[in-house]
Amino acid sequence: MDQAPLALSNAQAQDAASVGGMCPSQAELPDLLKGWTGPRPLRVCGGGTSSRAAAHNQWTLDLRPQLNRIAWQSSDQSVWVGGGCRMGDVLQALLPHGRSISTGLSGLPGLGYVLTGGMGPRSRALGLAIDHLLEIRGVWGNGEEFWLQRQHDGDAAEWRALCGAAPFLAVVTEVRLLTHPLIPLWVEQCRASSDALPDWMNEAEASDPSISLQWHWGDADQLDILRVYDQDPGLGGMQCIDGLHQLPALVVPRPGAQRMHFEVVGLLGPARAADWNECMPLLRDCMRRRPHPSCSLSCQQLGGATSLVPAGLTSFHHRDAVWKPWITAGWVAGDLAMRQRSLRWLEELWSVLQPLCPGVHLAQLHDHLPFHQRELEQAFGESLPGLKALKKKVDPAGNLPPL
Ligand SMILES: Cc1cc2nc3c(=O)[nH]c(=O)nc-3n(C[C@H](O)[C@H](O)[C@H](O)COP(=O)(O)OP(=O)(O)OC[C@H]3O[C@@H](n4cnc5c(N)ncnc54)[C@H](O)[C@@H]3O)c2cc1C
């Protein structure tokens, strides 16, 4: 099997001093997992954008070199996407067919985006990425191969588990996704005072599902706003783009001299703009005490189509969620004291938001941090015991990250 030095876009994963990367093919994976006797868990790299794509003294299964097939299936306008493909590449491959998938705010993430739920500016109109899965192929942690189809297996515990909790159970080698017509989008970008946040959210909660609001609170008193419309709202100052492949960044990263490491925790909560209003003094206080300018609070809007799928059909438990705020804690690479301060700040901000957003969107694994168990409980709720039972069956040795 190929082994290659890991090149990861996540700086913390890149700097983690992992043992190395193995680049298995679909055919090599079963035996690799069945016979694995090295350090556990194995890490999996789909796109390599999260902090746990690689870890100290652990091996990473780098899916990008061998599992990178993107294949258009014209018979039902779906697309096969390999386990190591980036979402931006899928969008590009679909352009000649006039089709698209519901990607997030960046084309950089890999299949981890889909497998952990997958939400973006078109989710209110189209649903989550997992809601578009038609087939899932892969290898369970114990080395057994599987090939599930929504049509036949959509009611099975295995299907439900893979749609949202796959990283704990299996290495997904390929999925087939439903596509949608590529349509132009209208984008509004501006800066606003953070005091106006509840007003923006209030308006968004009442808006049509063809519109989505995303905001970023970085500077203490300023918000970056990105509002995306499926139809021309007939307002001035809008940018018309051909599709999600041209979506501008919510925030343009500031080039800095220092190498930064980050951890990100995603939360989920229902429509409650009025309660956000009450929370503003605490939020403002937290934002003013950010340990580093790279610490931030951002948010994307859900609801509409994401809430139409019954909670039990996938492992995305919080179907009532209308807001997904995510907290980013950043520190200068190697500065352990600042790391500690930033993570403490993250937990403090999380506790302020907890009453508004009781759920977790488990898009990044944190099995190295003290709040991993809390994240599991808040992400999967009453489905967690069932997921743990399945994990015992399909990954008894713990080849994949702990659940
Ligand atoms: C710039 C940026 C923008 C983002 N925007 C959004 C957004 O708008 N909406 C949203 O929902 N999320 C967003 N995310 C979060 C992102 O979707 C998650 O962090 C996702 O897990 C990243 O997947 P990856 O494959 O790139 O990362 P990786 O680090 O390679 O993988 C992330 C996790 O998924 C697991 N995994 C990856 N591939 C597989 C596979 N084939 N089989 C089994 N497990 C696998 C890994 O074990 C790992 O735990 C964004 C992230 C970044 C960096």
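Preceding this section is the structure that the text describes.
If you're wondering where the values come from, they're calculated on a predicted model, not measured in any experiment. (Residues numbered from 1 in each chain as written. Predicted model: local features only at pLDDT ≥ 70, side-chain atom pairs only at ≥ 80, totals over all residues.)

Draft legend 1. Geometry of the site of the ligand. The environment of the ligand is formed by 34 residues, the closest being Gly46, Gly47, Gly104, Gly110 and Gly112. Those elements that provide at least two residues to the shell around the ligand are strand E3 (43-45), helix H4 (112-115) and strand E10 (170-178). Examining the composition of the shell around the ligand, we find that 3 residues originate from one element, H4, more than from any other. Here the residues of the shell around the ligand are counted per class, giving 17 nonpolar, 16 polar and 1 charged. (Near = placed C-beta within 6 Å. Helix = DSSP H or I, 4+ residues; strand = E, 2+ residues; numbered from the N terminus. Nonpolar A, V, L, I, M, F, W, Y, C, P; charged D, E, K, R; others polar.)

Draft legend 2. Summary view of the sheet that holds strand E16 (residues 260-268). Spatially, E15-E12-E14-E13-E17-E18-E16-E19 is the arrangement adopted by the 8 strands of the open sheet, whose pairing is antiparallel. The sheet is open, and its two borders are formed by strand E15 (239-241) and strand E19 (359-361), each paired with just one other strand. Within this sheet the neighbouring strands show an average axis-to-axis angle of 25 degrees, counted without direction. (Pairing = 2+ DSSP bridges. Axes fitted to C-alpha atoms, helices over the stretch in contact; angles between N-to-C directions.)

Draft legend 3. Helix H3 (residues 87-94), seen in detail. Within H3 the residues assigned to the buried category are Met87, Val90, Leu91 and Leu94. Axial view of H3: buried residues confined to an arc of 100 degrees, hence all on one face. On its buried face, H3 is in contact with strand E5 (70-73), strand E6 (78-82), strand E7 (99-100) and H4. (Buried ≥ 20, exposed ≤ 12 C-beta atoms within 10 Å, placed from the backbone. Arc of directions from axis to C-beta. Contact = placed C-beta atoms within 7 Å.)

Draft legend 4. Looking closely at the nonpolar core. One finds Leu169 and Ala170 to be the most contacted residues of the largest nonpolar core, which totals 96 residues. Setting aside its immediate chain neighbours within four residues, Leu169 contacts Trp140, Gly141, Ala161, Leu162, Leu390, Lys391, Val394, Asp395 and Leu400. (Core = buried A, V, L, I, M, F, W, Y, C linked by C-beta atoms within 7 Å.)

Draft legend 5. Fine view of the packing of helix H9 (residues 273-288) against helix H10 (residues 336-353). Packing of H9 against H10 brings their axes to within 10 Å, and their N-to-C directions diverge by 175 degrees. Here H9 lies roughly antiparallel to H10, going by the angle between them. Touching Cys279, Leu282, Leu283 and Cys286 of H9 are Glu348, Leu349 and Val352, all from H10. Looking at the contact of H9 with H10 residue by residue, the classes come out as 6 nonpolar, no polar and 1 charged. (Parallel < 35°, antiparallel > 145°, perpendicular 65-115°, else oblique.)

Draft legend 6. View of the sheet that holds strand E4 (residues 59-62). Spatial strand order, E1-E2-E4-E3: 4 strands in an open sheet with mixed pairing. Two strands lie at the open edges of the sheet, namely strand E1 (2-4) and E3, each paired on one side alone. Ignoring strand direction, the axes of neighbouring strands in this sheet form an average angle of 30 degrees. Of the pairings in the sheet, the one linking strand E2 (residues 20-23) to E4 comprises 3 bridges and is parallel in character. Along E4, the bridge assignment pairs Gly21 with Thr60.

Draft legend 7. Spatial organisation of unusual backbone geometry. In this chain, Arg40 is followed by Pro41 through a cis amide linkage whose omega measures -5 degrees. One non-glycine residue, Ala17, adopts positive backbone phi at about 55 degrees. Its place among the elements puts Ala17 in the loop between helix H1 (11-14) and E2. Phi angles above zero are rare outside glycine, and Asn57 is one such case at about 60 degrees. By the element assignment, Asn57 lies in the loop between E3 and E4. The class for Asn57 is exposed, based on 10 C-beta atoms found within 10 Å.

Draft legend 8. Representation of the environment of Gly141. Positionally, Gly141 belongs in the loop between strand E8 (133-140) and strand E9 (145-149). Classification of Gly141 by C-beta neighbours within 10 Å gives buried; the count is 25. If near-sequence neighbours (up to four positions away) are discounted, Gly141 is found in contact with Leu33, Leu169, Ala170, Val394, Asp395, Asn399 and Leu400.

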